[in-house]
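# Results of the structural survey
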Number of protein chains: 2
Amino acid sequence: MKKQMQPVDAAALLEEHGFKKTPLRLLLLEILSISPAPLPVSTLQRKTKKLGADLATLYRALNAFVEAELVQAITADKKKALYELNRPKIHVHHIMCDSCNTVETIPFCIKSLDQQAINVSRLFKKIYSHQLAFVGTCRKCLRAVR
Amino acid sequence: MKKQMQPVDAAALLEEHGFKKTPLRLLLLEILSISPAPLPVSTLQRKTKKLGADLATLYRALNAFVEAELVQAITADKKKALYELNRPKIHVHHIMCDSCNTVETIPFCIKSLDQQAINVSRLFKKIYSHQLAFVGTCRKCLRAVR
DNA sequence: ATACAAATGCAAATGATTTGCAATTGTCAG
DNA sequence: CTGACAATTGCAAATCATTTGCATTTGTAT
Ligand SMILES: [Mn+2]
Ligand SMILES: [Mn+2]
Ligand SMILES: [Zn+2]
Ligand SMILES: [Zn+2]
């Protein structure tokens, strides 16, 4: 029942963006591409520990990906950032549990929101993107309380 | 032409929430209540420097306000948080400049978004709130480029 | 005036993220 | 295939916003 995401051709992605095809970066993209939820750096470190990559290297890779818009950094958490593969055609939003801080991905754009973004663009000249995060309590945490 | 916000009765607010009416907290609420944009801690420290409050005290006050839902912390920036008075009847959103990192307040809720939140609530059991932030380039920064 | 919890100041700790620099590695032209 | 060279990495140290422990002060209620 676990939702599995569509894997991507990591090598091709790296090449398209002018990145070297290094073991870490290849693996990072693979991990991110099959994850149903955005992942913190700590998890990415654990899932790549067989490569023994340094934390600084992980951060540098992720920052490069974000810069290239290959990956999106989710800051809903405020403490540690979460990273999620950016899928060109699948614009997503997020929902965060205020109890366990789990961040789930809503795998589609909230209807009509993009249209509204156009209206709001009168305030700014150019709008690149928007981030929408809902905050609530997830089912698991609700069960834990009662 | 500067947009001025409606000031609030800081003393009353503190009392309602069971806080002591201390000089710093009173002043903080006054500053936040007339600010047209969310403010970082550094600015709040500057605007309250006549009181010589310690940074830790500032943070503790702000955290207490956020906990009491008197103030909203905006984390769109990811580096430093921004603080904005929470007005019960005026639900706002934000728009951030990716160039100068200015965060402006959109002083109303994006139409129909709250209705959509109800739909999304099928994913979670309970949804308390949502944060929506647009990212773009503000007029000032666009002018600076050309 | 007294009592007590809340708030503060100060200094030290945290913890995620960044940076400098030398060594390594992937890519590409020759 | 072989260098050359820029991109990537490892390691250690630095940053920087935010938090925390503890002793002291202050606001509020009785
Ligand atoms: Mn959207
Ligand atoms: Mn809204
Ligand atoms: Zn939860
Ligand atoms: Zn700007």
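Our next topic: the overall build of chain A. Looking only at helices and strands, chain A features six helices and six strands. Listing the helices and strands of chain A from first to last along the sequence gives α-α-β-α-α-β-β-β-β-α-β-α. The 146 residues of chain A split such that 44% are buried. Long-range contacts, defined here as pairs at least 24 residues apart, represent 49% of the contacts in chain A between residues at least 6 apart. In the form shown here, chain A has an accessible surface area of approximately 8600 Å², with 53% of it arising from carbon and sulfur atoms.

A few words on the protein's contact with DNA strand C. As a structural note, the neighbourhood of DNA strand C is formed by 23 residues, with Lys-20, Tyr-59 and Asn-63 of chain A together with Lys-20 and Arg-25 of chain B the closest of them. In the interface set of DNA strand C, defined as its atoms within 4 Å of the protein, sugar plus phosphate atoms amount to 60%. Lys-20 of chain A is positioned such that a nitrogen or oxygen atom in its side chain is 2.8 Å from a base oxygen of DNA strand C. Lys-21 of chain A has a polar backbone atom sitting 3.2 Å from a phosphate oxygen of DNA strand C.

Around DNA strand D sit 23 residues in total, of which Lys-20 and Arg-25 of chain A together with Lys-20, Tyr-59 and Ala-81 of chain B are the nearest. Near the protein, meaning within 4 Å, the atoms of DNA strand D are sugar or phosphate in a fraction of 61%, with bases accounting for the rest. Lys-20 of chain A is positioned with one of its side-chain polar atoms (N or O) 2.9 Å from a base nitrogen of DNA strand D. At a separation of 2.9 Å, a phosphate oxygen of DNA strand D approaches a polar side-chain atom of Arg-25 of chain A.

Residues and elements named next belong to chain A. Contact pair helix α2 (residues 23-34) / helix α4 (residues 55-67): the axes reach a minimum separation of 11 Å and the direction vectors enclose 65°. Read as a crossing pair, α2 and α4 show a hand that is right-handed. Residue-level contacts link Leu-24, Arg-25, Leu-28, Leu-29 and Leu-32 of α2 to Thr-57, Leu-58, Arg-60, Ala-61, Leu-62, Ala-64 and Phe-65 of α4. Looking at the contact of α2 with α4, its residues break down into nine nonpolar, one polar and two charged.

Calculation criteria
Residues numbered from 1 in each chain as written. Chains lettered and ligands numbered in written order. Predicted model: local features only at pLDDT ≥ 70, side-chain atom pairs only at ≥ 80, totals over all residues. Heavy atoms only, no water. Helix = DSSP H or I, 4+ residues; strand = E, 2+ residues; numbered from the N terminus. Buried < 20%, exposed > 50% of the residue type's maximum accessible area, 1.4 Å probe, protein only. Contact = heavy atoms within 4.5 Å. Areas by Shrake-Rupley, 256 points an atom, 1.4 Å probe, with all protein chains shown as cover. Near = heavy atom within 4 Å. Polar contact = N/O pair within 3.5 Å; in protein donor to acceptor, adjacent residues only side chain to side chain. Axes fitted to C-alpha atoms, helices over the stretch in contact; angles between N-to-C directions. Left-handed = near helix turned anticlockwise from the far one by under 90°. Nonpolar A, V, L, I, M, F, W, Y, C, P; charged D, E, K, R; others polar.

By themselves these figures say nothing about function.
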